[in-house]
Amino acid sequence: MTIRPVPPDPNHNYTNSALRTGDVDPYPQRQVGEFIGTVVANKWVNKEYKHVILKVHPHALKAYAGQMFHLLCPSPDGAEVWMRRPMSVYRVDKDAGHIEFLYKCEGRGTRGMAMLEPGDDFNVTGPLGHGFVLEPSWRNVVVLGRGVGLATLAPLSQLAAENKIGVTAILSARHPDVVMSRDLFEGLGAKTMTVLDSDGTSAVDNVEKILEGLIAHGKADAFFTCGSNRLLKLMQRLGKKHNIPGQVAMEQIMVCGFGACYVCMRTFEVDGQRLLRRVCRDGPVFNLQEAVGW
Ligand code: FES
């Protein structure tokens, strides 16, 4: 039997419960909402990644670093795109009323998203989950990420700048053309270092030397990571060795995005016991030492 995708019903108002910019929110105390954003820009930043800017209802601007939205991506080919796509927020510009996402165009959802043009509507639900937390006693933190994980870590620079905390960001990538988020980190005062597969500098041994140097110079009150299992393991090992706390943003396939379906369960180890947690609701940011890699 052939199962054919069902095209969207043109007579159905899929967005009738969502708030648009300018609407009055009847439930201002709620944590999560469904919003119709307006695309301001959607541009390529390199051959693989695009950066979309949305004008949104003020409630959506409450998102903070590490939180995510669930995106109702348009279809790239006319067939229905099943389910929303979770995506961590890249930047919140409260003055302009914008939220931004940096995304890799690789699946049907993100290929559909890549077709959005300025003025188009885009339905987003959020902000969802628990994001990064900065302790007031920290003066310098280290961010280590790879690939699209750097887009998740980038808003930490905004949060750190607001709290007068210094950031050293180690950006890992396959080659120089796909180093992500450097401008955003540097624009907010972070010091950046790039490590690449193409010249061998992204090897764990070399990254370990860089981290040990930062620790020795008092630049690592806390660790933050996303996007690579081997970098997670490295930060866990050095975090244990030097008693440095840390947080990791986990990437996971999701369906509902708010804790109802349990599709996003991952294993964690807490006080010697293995347990399962929902990445969408309990995270996506977790204690670095409790995460079990993949
Ligand atoms: Fe449904 Fe997390 S995606 S519980």
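This text follows the structure it describes.
Each value, and the rule that gives it
Every chain begins its residue count from 1, and numbering advances along the sequence as written. Where local features are concerned, this predicted model is filtered to residues with pLDDT of at least 70; where side-chain atom pairs are given and counted, the filter is 80 or more; whole-chain, interface and lining totals use all residues. Side-chain metrics in this entry use all non-hydrogen atoms of the structure; hydrogen atoms and water are not considered. A run of H or I in DSSP counts as a helix once it spans at least four residues, and a run of E counts as a strand once it spans at least two, with each numbered from the N terminus. The buried label applies to any residue whose accessible area, calculated with a 1.4 Å probe on protein chains only, is under 20% of its type's maximum; exposed applies above 50%, and partly exposed to all values in between. Using a 1.4 Å probe, accessible areas were evaluated by the Shrake-Rupley method; residue-level cover was limited to the displayed protein chains. For the charge count, each Lys or Arg is scored as positive and each Asp or Glu as negative, with His and the chain ends excluded. For this purpose, a charge sits on NZ of Lys, CZ of Arg, CG of Asp or CD of Glu. At least two bridges found by DSSP between two strands are what make those strands a pair. Throughout this description, the term nonpolar core refers to a set of buried Ala, Val, Leu, Ile, Met, Phe, Trp, Tyr and Cys residues connected via side-chain atoms within 4.5 Å. Contact criterion: two residues are considered in contact whenever any of their non-hydrogen atoms come within 4.5 Å of each other. Between rings of Phe, Tyr and Trp, where Trp is taken as its six-membered ring, a pair exists when centres lie within 6.5 Å; planes separated by under 30 degrees are stacked, by over 60 edge-to-face, and by other angles tilted. Charge-over-ring placement is defined geometrically: NZ (Lys) or CZ (Arg) within 6 Å of the ring centre, and within 35 degrees of the ring normal. Axis geometry follows a simple rule: fit a line to the C-alpha atoms, using only the stretch in contact for helices, then measure angles between N-to-C directions, giving values from 0 to 180 degrees.

Asks: Quick one: what's the story with the overall build of the protein chain, residue by residue and with numbers?
Replies: Of the regular secondary structure elements, the protein chain holds seven helices and 16 strands. Projecting the C-alpha coordinates of the protein chain onto the three principal axes gives extents of approximately 65 × 45 × 40 Å. The burial tally for the protein chain puts 51% of its 294 residues in the buried class. Summing over all exposed atoms, the protein chain offers an accessible surface of approximately 14,200 Å²; the carbon and sulfur share of this is 52%. Side-chain charges of the protein chain comprise 33 positive and 30 negative groups, with the mean position of each set lying 3 Å from the other.

Asks: Can you explain the pairing of strand β8 (residues 121-128)? Please cite residues and give values.
Replies: Of all eight residues in β8, seven are buried, a share of seventy percent or more. Strand direction decides the pairing type here: strand β2 (residues 33-44) and β8, joined by six bridges, are antiparallel. The partner of Gly33 across the bridge, within β8, is Gly126. Sheet analysis places strand β4 (residues 68-72) next to β8, joined by four bridges and oriented antiparallel. Looking at β8, one finds that Met68 is bridged to Leu128.

Asks: Explain the nonpolar core residue by residue, including any values.
Replies: Ranked by internal contacts, the top residues of the largest apolar core, which has 33 residues, are Phe132, Leu134, Val143, Leu153, Leu156, Phe185 and Phe224. Within the residue set of this core, elements represented by two or more residues are β9 (140-146), α2 (149-153), α3 (155-162), β10 (166-173), α4 (182-187) and β12 (222-226). By residue number, the principal contributor to this core is β10, which donates four residues. Apart from the residues within four sequence positions on either side, Leu153 is in contact with Phe132, Val143, Leu144, Gly145, Phe185, Phe224, Thr225 and Cys226. The next biggest cluster of nonpolar side chains, apart from the first, holds 29 residues, and it includes Ile215, Leu232, Leu238 and Ala291.

Asks: Help me get a handle on the packing of aromatic side chains, residues and values and all.
Replies: Under the criterion given, the structure shown has four aromatic pairs. Plain terms: the ring middles of Trp138 and Phe224 are 6.1 Å apart, the flat faces sit at 75° to each other, and that makes the pair edge-to-face. With a gap of 86 residues between them, Trp138 in the loop between β8 and β9 and Phe224 in strand β12 connect regions that are remote in the sequence. In terms of burial, Trp138 and Phe224 fall into one category: buried. Centre to centre, the rings of Phe268 and Phe286 are 4.3 Å apart; their planes meet at 40°, and the pair counts as tilted. Here Phe268, found in strand β14 (residues 265-270), pairs with Phe286, found in strand β16 (residues 285-287); they are 18 residues apart in sequence, far enough to count as distant. Accessibility expressed as a relative area gives 0% for Phe268, which makes it buried. Judged by its relative accessible area of 5%, Phe286 is buried. A cation over a ring is seen here: Arg277 above Phe268, with NZ or CZ 5.4 Å from the ring centre.

Asks: Report on the sheet that holds β12, specifying residues and quantitative values.
Replies: Taken in spatial order, the six strands of this open sheet run β11-β10-β9-β12-β13-β16, and their pairing is mixed. Where the open sheet ends on each side, the last strands, each with one partner, are β11 (191-196) and β16. Sheet twist, expressed as the mean angle between neighbouring strand axes with direction ignored, is 20°. By the bridge criterion, three bridges tie strand β13 (residues 246-249) to β16 in an arrangement that is antiparallel. From the neighbouring strand, Val248 faces β16, where its bridge partner is Phe286. Contacts from helix α6 (residues 229-242) reach β9, β10, β12 and β13 within the one sheet, and its direction differs from that of β12 by about 165°.

Fair warning: the whole summary comes from geometry, so function is off the table for now.
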